[in-house]
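# Results of the structural survey
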Amino acid sequence: MSTKTSDLLAAAAPRTVAVIRGISDDQLDLPTPCSDYAVRDLLNHFYQAVLNLRVLAGKQQPEWVEKPDHLTEGWRDRFEGEIGKLVEAWSDPAALEGDSPGMGMPQETVGSIALLELTVHGWDLAIATGQPFQPAPEALPPIYAFMEQRGPVARERGLFAEPVDASSSDDSEIDRLLALTGRQPAWSAGA
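Residues numbered from 1 in each chain as written. Predicted model: local features only at pLDDT ≥ 70, side-chain atom pairs only at ≥ 80, totals over all residues. Heavy atoms only, no water.

## Considering the side chain of Thr129
Within the fold, Thr129 resides in the loop between helix H4 (107-128) and helix H5 (140-156). For Thr129, a relative accessible area of 8% translates into the label buried. For Thr129, the contacting residues outside a window of four places in its chain are Ile23, Gln27, Leu30 and Val39. (Helix = DSSP H or I, 4+ residues; strand = E, 2+ residues; numbered from the N terminus. Buried < 20%, exposed > 50% of the residue type's maximum accessible area, 1.4 Å probe, protein only. Contact = heavy atoms within 4.5 Å.)

Here it is as structure tokens:
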């Protein structure tokens, strides 16, 4: 089985997994576009989000761990495996039905959050570690639409910064999306 959500996740996943696999241990303390997070912190946050979003696909209550440490031996392999499980969990049509008991919002919205996480944190980690990143083109329009619709509420809750002006960039779809999340599309560690 598959759903539109799982198809989009499946398109986005390998691109983000490639970035994760390309992160060397000596890059874990580098800054990221997420000002509160070094690469290590962002990886731990992202790993926990992947675990929780998989649990939420099954309409279960996730375990929110404040400062997880998932970067133990074999973490890259485990991360790839968990992303695969995330895609699989959202392939069940029942995952998209009704409201999430763990988040109090429609399950389709939670699935969109999973796609946003894979794409935007893939970019965050790539740019922080000097890797190329090309998001799945088919994922960008629905994520952009999601951010236009849900972004104001997410900003009120402190999940995203205010949108930034992306006019200095090439105005690509990913740049417009990043700007909506409050990220500077031209971010660099030295800037």
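## What to know about the confidence of the model for the chain
Mean pLDDT over the chain: 91, with 96% of residues reaching 70 or higher. Predicted confidence in the chain is weakest over H5, with a mean pLDDT of 88, and strongest over helix H3 (residues 75-89), with 98. (pLDDT = per-residue confidence, 0-100.)

## Section: the packing of H5 against helix H6 (residues 173-180)
Where H5 meets H6, the closest approach of the two axes is 9 Å, and the angle between their N-to-C directions is 10 degrees. The angle between H5 and H6 places the two elements in the roughly parallel class. Where H5 abuts H6, its residues Leu140, Pro141, Ile143, Tyr144, Met147, Glu148 and Arg155 lie against Glu173, Ile174, Arg176, Leu177 and Leu180. Of the residues contributing to the contact of H5 with H6, the split by class is eight nonpolar, no polar and four charged. (Axes fitted to C-alpha atoms, helices over the stretch in contact; angles between N-to-C directions. Parallel < 35°, antiparallel > 145°, perpendicular 65-115°, else oblique. Nonpolar A, V, L, I, M, F, W, Y, C, P; charged D, E, K, R; others polar.)

## Remarks on unusual backbone geometry
With a phi angle near 60 degrees, Lys59 is a residue other than glycine that sits in the positive phi range. Locating Lys59 in the fold gives a position in the loop between helix H2 (39-57) and H3.

## Topic: the environment of Gln61
With respect to the helices and strands, the residue Gln61 is situated in the loop between H2 and H3. Counting along the chain gives 42 residues from Gln61 to Met103, while the straight-line C-alpha distance between them is 8.3 Å. Among residues more than four places away in sequence, those in contact with Gln61 are Val55, Pro101 and Gly102.

## Describing the nonpolar core
The nonpolar side chains of soluble globular proteins are, as a tendency, buried together. Grouped together as the largest cluster of nonpolar side chains are 57 residues, with contacts concentrated most on Leu43, Phe79, Trp90 and Leu125. Listed by contribution, the elements that provide at least two residues to this core are helix H1 (4-21), H2, H3, H4, H5 and H6. Residues in contact with Leu43, not counting those within four places in the same chain, are Ile20, Ile23, Leu28, Leu71, Trp75, Phe79 and Leu125. (Core = buried A, V, L, I, M, F, W, Y, C linked by side-chain atoms within 4.5 Å.)

## So, the pattern of salt bridges
Summed over all chains, the structure comprises seven salt bridges. The partner of Asp25 in a salt bridge is Arg76, with the nearest N and O atoms 2.8 Å apart. One end of the pair, Asp25, is in the loop between H1 and H2; the other, Arg76, is in helix H3, with 51 residues separating them in the sequence. Residue classification places Asp25 among the exposed positions, given a relative accessible area of 53%. Measuring nitrogen to oxygen at the nearest pair gives 2.7 Å for the salt bridge that ties Arg183 to Asp124. In this pair, Arg183 is assigned in the segment after H6 and Asp124 in helix H4, connecting sequence segments 59 residues apart. (Salt bridge = Lys/Arg side-chain N within 4 Å of Asp/Glu carboxyl O.)

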